[in-house]
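# Observations on the three-dimensional arrangement
So you can see what is in the structure, the chains are spelled out below.
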Amino acid sequence: MDQVVVVARLICTLATVVLISNALWKLLGRPYVVARSLQRQGIRGPPYRFAVGSLLEARRMLKLAPGALDANCHDYAPVVYPFFQKWTADYGKTFLFWWGPTPCIFSTDMELVKKMLADTNLFQTVHYFNPSFESVLGKGMLLLDGDDWKRHLKVIHPKFNEEKLKSMSTLVLEGTRQMMEGWYTQIQNSNTDQAEIDMMHDSDELTQGVIGQLILGVNNKAYREFCIPAKEIYELLVHGMKDPPIPGFRYLPTRRNRRLAKLDKFCTSKIMQIMEARLAKGSYGEGLLGLMLEAYASDNKALSIEEIVAECKTFFMAGQDTTANLLTWAMFLLSNYPQWQKNVREEILRECPEEGEAPSTNVLKKLKLLNMFVLETLRLYNPAPFILRKTACDTNVSNIKVAKGTRIMIPVGMLHRDKEVWGPDSNEFNPMRFDKGNNISSMLAFSYGPRVCIGRDFGRIEVMSVMVMILRRFAFSLSPKYVHRPRHRVVLTPKYGLPLIVKNLQLDGPDHYD
Ligand code: HEM
């Protein structure tokens, strides 16, 4: 018995020693070694502070930042990430900072960035500083690497080819009509020809409906039952990014972690119900789910049930808020620049005069001004302002030796304002800069290389189709209540929403649809 106690004590002591040494290495040893190695190679950065890294310094600078910007000012770095702006000024285009004890290389060197994004073996995907992302989306393509990612891509890619995207206008049509009907009602109730709406809220509702139908391939309440918990899961994951970088924090039974687990279970069971019903009927159904079920039922079971469920959630998380915010920022710029609004509307009325229908992809291609307008929105207010990677092993990139596990942070929003690429007016709104197709290769809004966004055409077509439909009927201006304060919470979003004044351009109301 005594021997058992001695052995148990020995194991406990050893485990404690291992845990403490591991913690000391991560909190003290590694930061010293990594910082010294990079410093010798000319990569400097803000000093490491025990356990918190650069986070406190960043928070202090954020507190001192202005609360809002003038609506005509598109250089949002001083309010959204003043610390990155300062460190770039102090340490150059590529520097090292510390997310807690984790080393992160930050770079606005386009050549280096493209090299890293092109090499998917060395530079792998990583959860967005919140390990809970992994519990929910771990088996979906956003967070997969290597052969698993290729296998998923092979199954899913056909859903996003040009032919398939042609039929998406029907998904957008219904949601946009509903949104416009809401506006007509509000205008009627106001007894004037205009009303105030919150475009952020409306874009959010509309894009939830569209992506829900794209994923599940159904046009009934089933997609709502999936979208509502999926949206709340997304919000909880975004909140979780503020959690302290403590290993295992996601397993603590906090109120948020418990709610997340409950919702995730509920969302999974909804998807499972739909899948089981379809498999029982022997028909896979429509949408991304139909395509994946077919792959599951094929001889080689290209995707497992668990992977299909993860993909449904992944596509919602990756495609809904990004598209909602792209539409919102486009409407912000359109309302802020009335001459552009007028020109784009005239182009729409000239090129696609047909009422009551969503425009086809062929018509959208003809809308040159609208295309340039959306590109400029993606440049200035790209919904995904950062791309993250981590090194899979010790590596050498552009003659810089980088240790395994180092995070790489690519600030797309800052790269899109590089004066060497975009000229001295890089902070100005000027869609004409895309007139001759120049600099398209420097746009990283949808990433670059093999891991470029699979939904990029879908998202762009969705936003453009909605804009065509609403610009035919309404005029927009910023409400005096609007406060210009972009905010970064995984995606770039207007902190206080986007209150707009919508004005009915036609005297007849909703009947005009038929
Ligand atoms: C319209 C606005 C959108 C923007 C700005 C955007 C941006 C991006 C970016 C920057 C990435 C790369 C992320 C990374 O490597 O860490 C990405 C990946 C991804 N996006 Fe989008 N996206 C948009 C819309 C969509 C839509 C509508 C869908 C789905 C229908 C979608 C699905 C995905 C998926 C599944 C990935 C992972 C692809 C992979 O790793 O191979 N996105 N997106």
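Remember, predicted model here, so these are calculated numbers, not experimental data.

## Some details on the coordination of the iron atom of the ligand
The protein supplies the iron atom of the ligand with one donor atom, Cys453 (SG), which lies at 2.3 Å. Inspection of the secondary structure puts Cys453 in the loop between helix H19 (419-422) and helix H20 (456-473).

## Notes on the UniProt feature "transmembrane region" (unreviewed entry) in the protein
Mapped onto the present numbering, the UniProt feature "transmembrane region" (unreviewed entry) falls on residues 6-28. Summarising residues 6-28: 100% helix, 0% strand, and an end-to-end C-alpha distance of 32 Å.

## A word on the environment of Asp204
Here Asp204 shows up in helix H10 (residues 199-216). Asp204 has contacts with Lys231, Gln320, Asp321 and Ala324, leaving out every residue within four places of it along the chain.

## Overview of the pattern of salt bridges
Where charged atoms from two side chains of opposite charge approach closely, those side chains can pair. Tallied over the full model, the rule gives 22 salt bridges. One salt bridge in this structure joins Lys342 and Glu346, with 3.3 Å as the shortest N-O distance. Taken as a pair, Lys342 and Glu346 lie in helix H15 (residues 338-351) at a separation of 4 residues, close to a single helical turn. Residue classification places Lys342 among the partly exposed residues on the basis of a relative accessible area of 42%. We note a salt bridge from Glu376 to Arg433, for which the minimum N-O separation is 3.2 Å. One end of the pair, Glu376, is in helix H17 (residues 368-380); the other, Arg433, is in the loop between H19 and H20, with 57 residues separating them in the sequence. Taking the relative accessible area as the measure of exposure, Arg433 reaches 11% and is therefore buried. By sharing partners, the salt bridges in this structure join Asp204, Lys231, Glu235, Asp321 and Arg489 into a single network.

## Points about the packing of helix H13 (residues 287-297) against helix H14 (residues 305-336)
The N-to-C vectors of H13 and H14 enclose an angle of 160°; their axes lie 10 Å apart at closest approach. Accordingly, the angle class assigned to the pair H13 and H14 is roughly antiparallel. The crossing of H13 and H14 is right-handed. Residues Leu288, Leu289, Met292, Leu293 and Tyr296 of H13 lie in contact with H14, whose contacting residues are Ile305, Ile308, Glu311, Cys312 and Phe315. A breakdown of the residues in the contact of H13 with H14 according to their chemical character gives 9 nonpolar, no polar and 1 charged.

## As for unusual backbone geometry
Positive phi, normally seen in glycine, also occurs at Ser398, with a value near 45°. Relative to the assigned elements, Ser398 resides in the loop between strand S6 (395-397) and strand S7 (400-402). Owing to a relative accessible area of 35%, Ser398 belongs among the partly exposed residues under this scheme. Positive phi outside glycine occurs at Ser447, with the angle close to 75°. Within the fold, Ser447 resides in the loop between H19 and H20. Residue classification places Ser447 among the buried positions, given a relative accessible area of 12%.

## What about the side chain of Asp202?
Counting through the fold element by element, Asp202 comes out in helix H10. A polar side-chain atom of Asp202 sits 3.0 Å from a polar atom in the side chain of His201.

## Some details on the layout of surface pockets
If you add up the space inside the second largest pocket, you get close to 1,100 Å³. Listed by contribution, the elements that provide at least two residues to the lining of the second largest pocket are helix H7 (146-156), H10, H14, strand S5 (386-391) and H20. Of the residues forming the lining of the second largest pocket, the biggest block, 8 residues, is contributed by H14. In terms of residue class, the lining of the second largest pocket is built from 32 nonpolar, 10 polar and 5 charged.

## Some words on a nonpolar patch on the surface
Together, Ile20, Leu24, Leu28 and Phe50 make up an exposed nonpolar region whose accessible area comes to about 400 Å². Its location among the elements puts Ile20 in helix H1 (residues 2-40).

## Structural notes on the sheet that holds strand S4 (residues 194-198)
With antiparallel pairing, 3 strands are arranged side by side in an open sheet as S4-S12-S9. Among the strands making up the open sheet, the edge pair consists of S4 and strand S9 (474-478). Ignoring which end each strand starts from, the neighbouring axes of this sheet average 30° apart. Strands S4, S9 and strand S12 (499-504) of the sheet are contacted by helix H9 (residues 169-190), whose axis makes an angle of about 135° with S4.

## Thoughts on the pairing of strand S10 (residues 486-489)
Bridge count between S10 and strand S11 (residues 491-494): 4 bridges; the pairing is antiparallel. Bridge pairing in S11 links Arg487 to Thr493. Linking two consecutive strands that pair antiparallel, namely S10 and S11, is a turn of 1 residue; a positive phi of about 70° is found at Val490 within it.

## Some points on H7
Along H7, the residues classified as buried are Trp149, His152, Val155 and Ile156. Along the long axis of H7, the arc covered by the buried residues comes to 125°, so they all point the same way. Structural note: H7 exposes Asp147, Lys150 and Lys154 on the side pointing more than 90 degrees away from its buried face. Next to the buried residues of H7 lie H13 and H14.

How each quantity is defined
Residues numbered from 1 in each chain as written. Predicted model: local features only at pLDDT ≥ 70, side-chain atom pairs only at ≥ 80, totals over all residues. Heavy atoms only, no water. Donors = N, O, S within 2.8 Å, 3.2 Å for Na, K, Ca; no water. Helix = DSSP H or I, 4+ residues; strand = E, 2+ residues; numbered from the N terminus. UniProt positions renumbered as here; feature names shortened; annotations may be inferred. Contact = heavy atoms within 4.5 Å. Salt bridge = Lys/Arg side-chain N within 4 Å of Asp/Glu carboxyl O. Buried < 20%, exposed > 50% of the residue type's maximum accessible area, 1.4 Å probe, protein only. Axes fitted to C-alpha atoms, helices over the stretch in contact; angles between N-to-C directions. Parallel < 35°, antiparallel > 145°, perpendicular 65-115°, else oblique. Left-handed = near helix turned anticlockwise from the far one by under 90°. Nonpolar A, V, L, I, M, F, W, Y, C, P; charged D, E, K, R; others polar. Polar contact = N/O pair within 3.5 Å; in protein donor to acceptor, adjacent residues only side chain to side chain. 1 Å grid on protein atoms, 1.4 Å probe; cavity = no way out; pocket = protein on both sides within 12 Å on 5 of 7 lines; lining within 4 Å. Points joined across faces, edges and corners; volume = space filled by probe spheres on them. Patch = residues over 30% accessible without salt bridge, like charges linked within 9 Å, V, L, I, M, F, W, Y side chains within 5 Å. Areas by Shrake-Rupley, 256 points an atom, 1.4 Å probe, with all protein chains shown as cover. Pairing = 2+ DSSP bridges. Arc of directions from axis to C-beta.

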